[in-house]
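# A structural walkthrough
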Amino acid sequence: MLAPHAPVQNHLLAALPRKDYQRLLARLEPVKLTFGEVLYEPGKTIRHVYFPGTSLVSLLTLADGHLALETGLLGRDGMVGIPLVLGHDESSVRALVQGTGTAMRMASAHFREEFRLSLPLQQELYRYAHTLMAQISQTAACNRFHVVETRLARWLLMTHDRVKSDQFRMTHEFLGHMLGVRRVGVTKAAQALQKRKLIRYTRGDITVLDRGGLEAAACRCYEIVKDMHDGARAGPAVRKPQVSAAA
Ligand SMILES: [Zn+2]
């Protein structure tokens, strides 16, 4: 069990009133999530929910049982296990650890009890469920309409926001699965971003060199989802108007 005064890495947990967080803490267990670890499989019962700290988790939608495409990405901004919030105990996606790091987990039975008891936890998780759905539907459109280079830039920005480090590990092969393209497509897109001096990419180590340039290179999907996420976190009073669906 963590000390009650340890810094809270996960944003959803950090947003809870102190007494609600203290209650949860008794049932939360700190864990290390490792790259490649599968937390959920489609159609299988969810045994734990996870609040990532420094770890990153990809939500993959499967087609024909073996083709997987990333439709959601979360880290300290979210929780893995949203079906439980919506009254389901099975996952519809594969949840795959994409970045090794810390997380807090709770058994599903305990989570259901705590969720019933804490109104602030309900509010945080309903808000988050909405932004996650927005991210998933925007990603569906993005995968269909936008070219690999702009999607790669978007994906790098989303990762950069969550890991809070300019450097992270990611192989071409894994990135290909995330973006739903062949390895050679990832190589070409990464080379193009490298040529523009936005990133450095050597043997699976990505370094973000120019964050502003990367934002300019990404499709608008990045900004649309981020605005929605920031707006939800700030509450309805200061929510920004919805950005137009320009190309
Ligand atoms: Zn896009």
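What counts as what
Residues numbered from 1 in each chain as written. Predicted model: local features only at pLDDT ≥ 70, side-chain atom pairs only at ≥ 80, totals over all residues. Heavy atoms only, no water. Helix = DSSP H or I, 4+ residues; strand = E, 2+ residues; numbered from the N terminus. Buried < 20%, exposed > 50% of the residue type's maximum accessible area, 1.4 Å probe, protein only. Contact = heavy atoms within 4.5 Å. Areas by Shrake-Rupley, 256 points an atom, 1.4 Å probe, with all protein chains shown as cover. Lys, Arg positive; Asp, Glu negative; His and termini not counted. Charge placed at Lys NZ, Arg CZ, Asp CG, Glu CD. Pairing = 2+ DSSP bridges. Axes fitted to C-alpha atoms, helices over the stretch in contact; angles between N-to-C directions. Core = buried A, V, L, I, M, F, W, Y, C linked by side-chain atoms within 4.5 Å. pLDDT = per-residue confidence, 0-100. Donors = N, O, S within 2.8 Å, 3.2 Å for Na, K, Ca; no water. Tetrahedral: all angles 85-135°; square planar, octahedral: opposite > 155°, others 65-115°. Polar contact = N/O pair within 3.5 Å; in protein donor to acceptor, adjacent residues only side chain to side chain. Parallel < 35°, antiparallel > 145°, perpendicular 65-115°, else oblique. Nonpolar A, V, L, I, M, F, W, Y, C, P; charged D, E, K, R; others polar.

In this section: the overall build of the protein. Per the secondary structure count, the protein includes 10 helices and 10 strands. C-alpha extents for the protein along the principal axes are approximately 50 × 40 × 35 Å. Of all 247 residues assigned to the protein, the portion counted as buried reaches 47%. Within the protein, residue pairs in contact and separated by at least 24 positions form 72% of the contacts whose partners lie at least 6 positions apart. Roughly 12500 Å² of accessible area belongs to the protein as shown, and the carbon and sulfur atoms make up 55% of that amount. The protein carries 33 positive and 22 negative side-chain charges, and their two centres are separated by 3 Å.

Right, let's talk about the sheet that holds strand β4 (residues 56-63) for a bit. Taken together, the four strands give an open sheet; going across it, the order is β2-β6-β4-β5, and neighbouring strands pair in antiparallel fashion. The sheet is open, and its two edges are formed by β2 (38-40) and β5 (67-74), each paired on a single side. The mean angle between the axes of side-by-side strands here comes to 35°, regardless of whether they run parallel or antiparallel. When β4 meets strand β6 (residues 94-99), the two strands line up antiparallel, connected through five bridges. When the sheet's bridge partners are listed, L60 is paired in β6 with R94. Relative to β5, helix α5 (residues 119-145) is tilted by about 140°, and along the sheet it contacts β4 and β5. Along the sheet, helix α7 (residues 172-179) contacts β4, β5 and β6; its crossing angle with β5, the most-contacted strand, is approximately 85°.

In a soluble, globular protein the nonpolar side chains are often hidden away together inside. L39, M79, F111 and L125 are the most contacted members of the largest nonpolar core, which totals 36 residues. If one sorts the elements of this core by residue count, α5 sits on top with five residues. The residues contacting L125, other than those within four sequence positions of it, are L12, M79, I82, V85, F111 and F115. Ranked by size, the runner-up nonpolar core spans 29 residues in total, among them L179, L198, I199 and Y222.

A few words on the sheet that holds strand β3 (residues 48-52). An order of β1-β7-β3 is seen for the three strands of this open sheet, with the pairing classed as antiparallel. Of all the strands in the sheet, just β1 (29-33) and β3 have a single pairing partner and so form its edges. When the angles between neighbouring strand axes are averaged without regard to direction, this sheet yields 40°. Packed onto the sheet, helix α4 (residues 108-117) meets β3 and β7 (101-107) and runs at close to 75° relative to β7.

With 91% of its residues at a pLDDT of at least 70, the protein reaches an overall mean of 89. Throughout residues 237-247 the model reports pLDDT below 50, and contacts reaching past four residues in sequence, or to other chains, amount to 11 contacts.

On to the coordination of the zinc ion. For the zinc ion, the protein coordination sphere consists of C142 (SG), H146 (ND1), C219 (SG) and C221 (SG), at 2.1 to 2.4 Å. Given four donor atoms and angles of 99 to 121° at the metal, the environment of the zinc ion is assigned as tetrahedral. In the primary sequence, the donor residues of the zinc ion line up as C-x3-H-x72-C-x1-C. Within this pair, whereas H146 is found in the loop between α5 and α6 (148-163), its partner C221 is found in helix α10 (residues 221-234), the two being separated by 75 residues in sequence. Residue H146 is classed as partly exposed on the basis of its relative accessible area of 24%.

Our focus in this paragraph is the side chain of Q98. Structurally, Q98 is set in strand β6. Looking at Q98, its side chain comes within polar contact range of the side chain of S58, at 2.5 Å. Contact partners of Q98, with chain neighbours within four places excluded, come to F35, L56, V57, S58, E70, L73, W155, T159, M170, F174 and M178.

Here the focus is the packing of α6 against helix α8 (residues 183-195). Between two packed helices, the angle of one axis relative to the other and the distance separating the axes together describe the packing. Closest axis-to-axis distance for the α6/α8 pair is 9 Å, and the angle between their directions is 75°. Relative to α8, the element α6 is oriented roughly perpendicular. Contacts between α6 and α8 involve V148, E149, L152, A153 and L156 on the former and, on the latter, G185, V186, A189, A190, A192 and L193. Along the lines of polarity and charge, the residues of the contact of α6 with α8 split into nine nonpolar, one polar and one charged.

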